[in-house]
Amino acid sequence: MANKSGSLYGLTILSPIIDDPKADVSHDLALRIYLNGLKRDQDGPFAKVTGTHIARLAVMNDVVFVGHPSKEEHLQSQYLVFECNFDGDLDPYLDRMATQIPEHVEAIWSHCINFPGVKDKVAFRAYMKKCQVETTFYFADVNDKTVEQTLRALQTQTSVASFIETNQGKSPAEIQQAFSALLEAMKNAPAPVSGSGLNGPQRYQTAIVGGTIHHE
Amino acid sequence: MTNLNGKTYALTAITPMKPWKTIFLRIFVFALSHFKALNNDLVNLSFIHFARWVIVTRKQFPYVGGSQPRENLKYDYVLFFSNFNGTWNQYIDAFSSVLAIGLNLFWHWSNKYPGAVPITPFKNYIARVQFENDHYFTAYPHAATNDVKAAHRVQAAVDALAKVSTGMTPDQFAKAYSQFVLKVQCDLGSTGAAPVGV
């Protein structure tokens, strides 16, 4: 199935946007205003939907005319395009969208024709699947790791770089003890935050004071 | 700029295609999907997190009933989504240089596609068929594709050292640790804000 690559799912959705000539602010513009106001970091809506690697939303006003001799044509509706790359299968992900960010899903898709809302999960799933288009070719560079595994690996990478630098020249016993402390810190660390800022991942915090290991 | 989040750029494009040509694109995609060697250039480029091509035939635009009018189109359409590291110009340049043949096989069927080489008409075409994103999220904005792959290698090396080092004497650990450092030393580049395009 082209929607999947390894353990990842590539979802593509085109939802027709309501065309209401009587509205003070057209639905496509209201949608753009809302989407542009959303945070895109750890406080953004998709940071809260477990398993989201990358997601985008775009208003597609029309198809493109590429010039003669191609014929000019137009869509009857504008579409909200939702492209998402996430861990696992579609139904659980749609359920997570409905439960983890219901207010955002409602606010976004309420501008689309016949959107049933998220309270009825079965109807919500059915609507999203009706709007889904099958991916023809899907490429995922790393397709066997979850978001959490990747965020933890990035945190480990930063921690190991710091660890090697800090412990250079120390005795084998000291390095071994410090390595044990690092492993313990990795084990006890909270889940890394998705979408967090541009300063890079925080390293695992360990400290060795007076021969005793303390975790911060 | 909503096409960019940290180190990752989101390109969205749509191109029209005569319906009788769609089958040829599907045959090419079938070959690409079943012969992994054909993906090598895409993998070796190593700055694309995710990319996809989606054929939407003229009768396949989603219809949800209600007030939605039925589409009445002459062409099928190809949607292209890419999530890559770097700037738009770098990406299109690299695509044109490394993947010209592959790209031509994908887009040759689209109306007025000029070919990936020479670069100027190719860039003009992509600029024409691209449309802007309104929201763009990535779970790891600070990490390029190579950072992600390197981080997973470091994680695997740490896990392996943790597994074998239990019960080792300090001298045995020192040897294993030296091997570990040698193994991961090329994968410890720092992540963070992109040097360009921020």
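Residues numbered from 1 in each chain as written. Chains lettered and ligands numbered in written order. Predicted model: local features only at pLDDT ≥ 70, side-chain atom pairs only at ≥ 80, totals over all residues. Heavy atoms only, no water.

Peer 1: Before we go on, may I ask you to explain the sheet that holds strand E2 (residues 8-17) of chain B in this structure?
Peer 2: Sheets are built from strands paired through backbone hydrogen bonds, the pairs being either parallel or antiparallel. The antiparallel open sheet is built from five strands, whose spatial order is E5(A)-E3(B)-E4(B)-E2(B)-E1(B). In this open sheet, the two edge strands, each paired with only one partner strand, are strand E5 (137-140) of chain A together with strand E1 (4-5) of chain B. As paired elements, E2(B) and strand E4 (residues 76-85) of chain B share 10 bridges and run antiparallel to each other. Pairing of Leu11(B) across the sheet is with Ser82(B), part of E4(B). The sheet contacts of helix H4 (residues 100-107) of chain B involve E5 of chain A together with E2, strand E3 (48-56) and E4 of chain B, and relative to E3(B) the element is tilted by about 25°. (Pairing = 2+ DSSP bridges. Helix = DSSP H or I, 4+ residues; strand = E, 2+ residues; numbered from the N terminus. Contact = heavy atoms within 4.5 Å. Axes fitted to C-alpha atoms, helices over the stretch in contact; angles between N-to-C directions.)

Peer 1: What is the right way to read the pattern of salt bridges from this model?
Peer 2: Side chains that differ in charge, positive against negative, can pair when their charged atoms come close. Counted under the stated rule, the structure contains 12 salt bridges over all chains. Between Asp134(B) and Arg32(A) there is a salt bridge whose closest N-O contact spans 3.1 Å. Here Arg32(A) lies in helix H1 (residues 27-37) and Asp134(B) lies in the loop between helix H5 (119-129) and strand E5 (135-138), a pairing that spans two chains. The class for Asp134(B) is buried, based on a relative accessible area of 4%. With a shortest N-O distance of 3.3 Å, Arg152(A) and Glu148(A) are connected by a salt bridge. On the criterion of helical spacing, the pair formed by Arg152(A) and Glu148(A) is a turn pair, its members being four residues apart in helix H5 (residues 147-166). For Arg152(A), a relative accessible area of 22% puts it in the partly exposed group. (Salt bridge = Lys/Arg side-chain N within 4 Å of Asp/Glu carboxyl O. Buried < 20%, exposed > 50% of the residue type's maximum accessible area, 1.4 Å probe, protein only.)

Peer 1: Just to check I follow, could you spell out the sheet that holds strand E3 (residues 52-60) of chain A for this structure?
Peer 2: Taken together, the five strands give an open sheet; going across it, the order is E1(A)-E2(A)-E4(A)-E3(A)-E5(B), and neighbouring strands pair in antiparallel fashion. The open sheet has two edge strands with one neighbour each: strand E1 (4-5) of chain A together with E5 of chain B. Where E3(A) and strand E4 (residues 79-87) of chain A come together, eight bridges link them in antiparallel fashion. Counted as the bridge partner of Met60(A) is Tyr79(A) from E4(A).

Peer 1: Help me understand the interface of chain A and chain B, please; the structure alone is not making it clear to me.
Peer 2: One frequently used descriptor of interface size is the decrease in accessible area upon assembly of the parts. At the junction of the two partners, chain A supplies 89 residues and chain B supplies 96 residues. Each partner contributes to the roughly 7,800 Å² buried at the junction of chain A and chain B, and carbon and sulfur atoms together form 64% of this total. Linking chain A with chain B are three salt bridges, by the criterion used here. For the pair chain A and chain B, the number of links is 41 residue pairs in polar contact (both at pLDDT 80 or more). Elements that contribute at least two residues to the side of chain A that touches chain B include exactly strand E2 (8-16), H1, E3, E4, helix H4 (121-130), E5, H5 and helix H6 (172-188) of chain A. With 14 residues, H5(A) is the largest single contributor of residues to the side of chain A that touches chain B. Both E3(A) and E5(B) contribute to a ladder of four bridges, which runs antiparallel. Bridge pairing in E5(B) links Ile54(A) to Thr138(B). (Buried area = accessible area lost by both parts, 1.4 Å probe. Polar contact = N/O pair within 3.5 Å; in protein donor to acceptor, adjacent residues only side chain to side chain.)

Peer 1: I would appreciate a short explanation of the packing of aromatic side chains in the present structure.
Peer 2: For any two aromatic rings, the description comes down to two numbers: the centre-to-centre distance and the angle of the planes. All names here are of chain B. One pass over the full model with this rule turns up 31 aromatic pairs over all chains. A centroid spacing of 5.5 Å and a plane angle of 15° characterise the contact between Phe24 and Trp109, whose relative ring orientation is stacked. In this pair, Phe24 is assigned in helix H1 (residues 22-34) and Trp109 in the loop between H4 and H5, connecting sequence segments 85 residues apart. Exposure remark for Phe24: the relative accessible area of 37% places this residue in the partly exposed category. Since its relative accessible area comes to 16%, Trp109 is described here as buried. The residue whose ring lies beneath Arg52 is Phe81, and the NZ or CZ to ring-centre distance is 5.9 Å. Directly above the aromatic system of Tyr63 lies the positively charged group of Arg70, at a separation of 3.6 Å from the ring centroid. (Phe/Tyr/Trp six-rings, centres within 6.5 Å; stacked < 30°, edge-to-face > 60°. Lys NZ or Arg CZ within 6 Å of the ring centre and 35° of its normal.)

Peer 1: Would you explain the pairing of E3(B) in this entry?
Peer 2: A regular strand places its side chains on the two faces of the sheet in alternate fashion. The element E3(B) is largely enclosed, with a buried count of nine among its nine residues. As paired elements, E5(A) and E3(B) share four bridges and run antiparallel to each other. Looking at the pairing, Phe137(A) lines up with Trp53(B) of E3(B). Pairing of E3(B) with E4(B), which is carried by eight bridges, proceeds in the antiparallel orientation. Bridge pairing in E4(B) links Val56(B) to Tyr77(B).

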